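Residue-level listing of the chains:
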Amino acid sequence: MTPLLRSSASRSWRPQSLSSICASRLVRARFLATTSATHETKPYYVTTPIFYVNAAPHAGHLYTMVLADVLKRWQVLKGRKAVLLTGTDEHGMKIQQASAKAGSDPKPFCDKGADIFKNLAARAELSNDHFIRTTDPDHKEAVEYAWHLLNERGYIYQSKHEGWYSVSDETFYPESQVHLVLDPPTGRKVMASIETGKEVEWTSEINYHFRLSAFRDKLLAYYAENPEWITPQAKMKEIVSAVSAGLEDLSISRPSSRLTWGIRVPTDPTQTIYVWLDALINYATAAGYPWAPGSEHTGGWPADVQIIGKDILRFHCIYWPAFLMALDLPLPKRFLTHAHWTLGKQKMAKSTGNVVNPFFALDRFGTDTMRYYMIHDGGIDNDADYDNIHIIERYKKGLQGGIGNLTARITRGKGWNVRRAIERFSGDYKSASPFGQGHAREAAIAEFEQLLVEFPQAVNSRMEALRPNLALKGLMDNIYAANAFLQSQAPWDIAAGLKKGELVPNASSKEDAELQMDYIIFLSTEILRLAGIMLQPVMPAKAKQLLDMLGVADDRRGFADAQLGVDKDYGVSRVPQGKGQAGVLFAPLMSDS
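Conventions and cut-offs
Residues numbered from 1 in each chain as written. Predicted model: local features only at pLDDT ≥ 70, side-chain atom pairs only at ≥ 80, totals over all residues. Heavy atoms only, no water. Core = buried A, V, L, I, M, F, W, Y, C linked by side-chain atoms within 4.5 Å. Buried < 20%, exposed > 50% of the residue type's maximum accessible area, 1.4 Å probe, protein only. Helix = DSSP H or I, 4+ residues; strand = E, 2+ residues; numbered from the N terminus. Domains from an automatic or database assignment. Contact = heavy atoms within 4.5 Å. Pairing = 2+ DSSP bridges. Buried area = accessible area lost by both parts, 1.4 Å probe. Salt bridge = Lys/Arg side-chain N within 4 Å of Asp/Glu carboxyl O. Polar contact = N/O pair within 3.5 Å; in protein donor to acceptor, adjacent residues only side chain to side chain. Phe/Tyr/Trp six-rings, centres within 6.5 Å; stacked < 30°, edge-to-face > 60°. Expected span 1.5 Å × (residues − 1). Arc of directions from axis to C-beta.

The name an unreviewed UniProt entry assigns to the protein is Probable methionine--tRNA ligase, mitochondrial, from the organism Aureobasidium melanogenum.

Shown next, in the form of structure tokens:
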């Protein structure tokens, strides 16, 4: 690599400048390092992108939040300390223009927008540990600190920059990535980004640049060493292809005469730091950057998984790792890039009004139902089309007809006692099974036992592969299989025979018949218990209700407890079951439209 030249601004800067700018933050970091357990195991760190506050959130934002929350909660379920970050991106030309249009100063405009996203996180029952705002003082200090380091190391220089700039995308595009289009609302012919369709304007200005081109080979080497760094694989290939084609240096400031709303370049107040450099640092800021010695991992850095939409792939998987390499910071361990939600097969967009209000959806269908739908139908590889009819179908088939139906059949069934079945067979269930070799039901019972044994690890492997949609679908397939199993084994027939004093087919005695009935109930209840434990990250409230209905103790709801036969102490409901719709896990919807 060619030695990097240092700019005049870099040569004039001295280390004491850094100390004075970040002294308060470093003192705070050292205090935290000495007053907390700095040598604890690094928490599992999950992030969402930070969301622009220039318009209200839509269902796509809800999806990103829930996706990250489920992955965080899964780690907590497995007994690991985990941290979730979400927040708002509040600087840049887009915000400056939106606040002016609203007749507001930028800060109160951002305050209002941030509150809406905070409310959405709360309404969706996000377990986020941090809500960062790029207007936070700690974040400003972290960005200034990073700028000084990049400058001192020679990665920043000043020069004239010309190109097509999109205010909406907050980025420059080369000539090859723009084209002339007709703007339908106005009838004007405008230049627009081929990638996003957003209007661009020709801009020529003096600003600071980051030597992104110097990181081409280093990035490619990292991608090669970490082929699963981005999920799905197709997005990994896109990034490798883009970087292989060559990288241009990146403009990382705008004249403050044009962009007043943002963090000023610490060595040159006539320039404002590029919003994406500012924004990307937030993930490190929330983890305590800049860190005091010995506390580098206390806040969770490096991130274990960063969740992003496919439209911000380039910023996160090219620019961000290059910035981190330049700062000598470890890179995030993985990225999960999800596809978009569409409405009427068209991308949801604030600019066109083609959006779903997530607050309305949560109010109408309930938080857990929406979380279930988002994860079950949300796209990772391909876009998903949002439709109320789909939500109703998922509710009726999966929640009401699947989990709810199985729960009601077990807990409200006549002629058996769930607690008795659990006492009889939990523990060494295999040796106590009444369905020995040669029994007419042996094959069906053995197949269902095997399903239960493999169930938890099958779900876990998909979660660890960052495929919560597949994990949930696999879980639901097992619920459907459990309903089919229960129907075929018909324990109610055995119960009816016992009540009448009749000898049940394939049973040698009344006692043998009761054992057979209880074993069927044991297996069917166990799949509900396992499902209830593993559904907690997706549907916290409904999973809790299910486990309460089964009588599972609060300290027996971790992933370690999700094994066939390990819990001997449940089986008596901790909540009133009621009659009719009272105590039903998933009641019928009030409206099907």
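Once the structure has been displayed, the description carries forward.
Enquirer: Looking at this model, I keep getting lost on the nonpolar core. Mind explaining?
Expert: Across soluble globular proteins, nonpolar side chains have a tendency to be buried as a group. Counting residues in hydrophobic clusters, the biggest one holds 103 residues, and the most contacted among them are Met-370, Met-374, Tyr-386, Ile-403, Leu-475, Phe-522 and Leu-523. Ranked by residues supplied to this core, first place goes to helix α20 (residues 510-534) with 13 residues. Counting the residues that make up this core, at least three belong to each of domain 1 (44-151 + 280-352) and domain 2 (387-561). Filtering out sequence-adjacent residues up to four positions away, Phe-522 remains in contact with Ala-421, Ile-422, Phe-425, Ser-426, Tyr-429, Leu-564 and Gly-565.

Enquirer: I would appreciate a short explanation of the sheet that holds strand β14 (residues 268-273) in the present structure.
Expert: Within a beta sheet, neighbouring strands are joined by backbone hydrogen bonds and run either parallel or antiparallel to one another. An order of β12-β14-β13 is seen for the 3 strands of this open sheet, with the pairing classed as antiparallel. Every other strand in the sheet has two partners, leaving β12 (253-255) and β13 (264-265) as the edge strands with one partner each. Bridge count for β13 against β14 is 2 bridges, and the pairing is antiparallel. Residue pairing across strands places Arg-264 opposite Thr-272, the latter belonging to β14.

Enquirer: I'm lost on the sheet that holds strand β18 (residues 346-347) in this one. Help?
Expert: Here we have 3 strands laid out as an open sheet, ordered β18-β17-β19, and mixed in their pairing. Edge strands, defined here as strands with exactly one partner in the open sheet, are β18 and β19 (384-386). Sheet topology note: the strand β17 (residues 341-343)/β18 ladder contains 2 bridges and is antiparallel. In the strand pairing of β18, Leu-343 is matched with Gln-346.

Enquirer: What is the right way to look at the domain arrangement of the protein in this model?
Expert: Interfaces are often sized by the accessible area lost when the parts come together. We note that the domain assignment places domain 1 (44-151 + 280-352) and domain 2 (387-561) within the protein. Taking the mean C-alpha position of each, domain 1 and domain 2 sit 40 Å from one another. Counting from both sides, the interface comprises 13 residues of domain 1 and, opposite them, 16 residues of domain 2. Summed over both partners, the interface of domain 1 with domain 2 buries about 1400 Å², with 69% contributed by carbon and sulfur atoms. For the domain 1 face of the interface with domain 2, the top three residues by lost area are Val-70, Trp-74 and Leu-77, together amounting to 44%. Counting across the domain 1 and domain 2 interface gives 1 salt bridge. For Lys-78, the salt bridge goes to Glu-464, with nearest N and O atoms at 2.7 Å. The interface formed by domain 1 and domain 2 includes 6 residue pairs in polar contact (both at pLDDT 80 or more). Of all the elements in the fold, those that place two or more residues in the side of domain 1 that touches domain 2 are α3 (59-77) and β16 (335-338).

Enquirer: Just checking my understanding: could you explain the pattern of salt bridges for this structure?
Expert: Think of it this way: side chains of opposite charge can pair up when their charged atoms draw near. Going through the model one piece at a time under the given rule, you end up with 34 salt bridges. The shortest N-O distance in the salt bridge between Asp-111 and Lys-107 comes to 2.7 Å. Separated by 4 residues within a single helix, Asp-111 and Lys-107 lie in helix α5 (residues 106-123), roughly one turn from each other. On the basis of relative accessible area, Asp-111 is assigned to the partly exposed category, the value being 26%. Judged by its relative accessible area of 33%, Lys-107 is partly exposed. Where salt bridges share partners, they join Lys-544, Asp-548, Asp-554, Arg-557 and Arg-574 into one cluster.

Enquirer: Mind showing me how you'd approach the packing of aromatic side chains here?
Expert: Ring pairs (aromatic) are described by centroid distance and by the angle formed between their planes. Across all of its chains, the model carries 28 aromatic pairs by this definition. When the ring of Trp-341 is compared with that of Tyr-386, the centres are 5.9 Å apart and the planes differ by 75 degrees; the resulting orientation is edge-to-face. Placement of Trp-341 in strand β17 and of Tyr-386 in strand β19 is noted, with a sequence separation of 45 residues between them. Tyr-386 sits in the buried class, given a relative accessible area of 5%. Taken together, a centroid distance of 5.9 Å and an interplanar angle of 85 degrees make the contact between Tyr-395 and Phe-586 edge-to-face.

Enquirer: How should I be thinking about the environment of Leu-313 in this particular structure?
Expert: One can find Leu-313 in helix α11 (residues 313-326). It is 8.0 Å that separates the C-alpha atoms of Leu-313 and Ile-239, two residues lying 74 residues apart in sequence. When sequence neighbours within four positions are dropped, the list of residues in contact with Leu-313 reads Ile-230, Lys-235, Glu-238, Ile-239, Ile-308, Ile-318 and Thr-337.

Enquirer: Sorry if this is basic, but what is going on with the side chain of His-316 here?
Expert: Topologically, His-316 is positioned in helix α11. Polar side-chain contacts of His-316 include one of 2.7 Å to the side chain of Tyr-283. Those residues in contact with His-316, other than ones at most four positions away along the chain, are Trp-276, Leu-280, Tyr-283, Ile-308, Pro-321 and Phe-335.

Enquirer: Before we go on, may I ask you to explain α3 in this structure?
Expert: Residue pairs three or four apart in sequence face the same way in an α-helix, which turns once every 3.6 residues. If you check α3, its first and last C-alpha atoms are 26 Å apart, about what 19 residues at 1.5 Å a residue would give, namely 27 Å. Of all 19 residues in α3, 17 are buried, a share of seventy percent or more. In the stretch just after α3, Gly-79 is the one whose phi turns positive, near 90 degrees.

Enquirer: So what exactly am I meant to see when it comes to helix α12 (residues 358-365) here?
Expert: Restricting attention to buried positions, one finds in α12 the residues Pro-358, Ala-361, Leu-362 and Phe-365. Along the axis of α12, the buried positions cluster into a sector of 95 degrees, meaning they face one direction only. α12 presents Phe-360 and Asp-363 as exposed residues on the side facing more than 90 degrees away from its buried surface. Contacts made by the buried residues of α12 are with α3, α5, α13 (367-377), β19 and α14 (388-411). The first or second residue beyond α12 is Gly-366, which carries a positive phi of 95 degrees.

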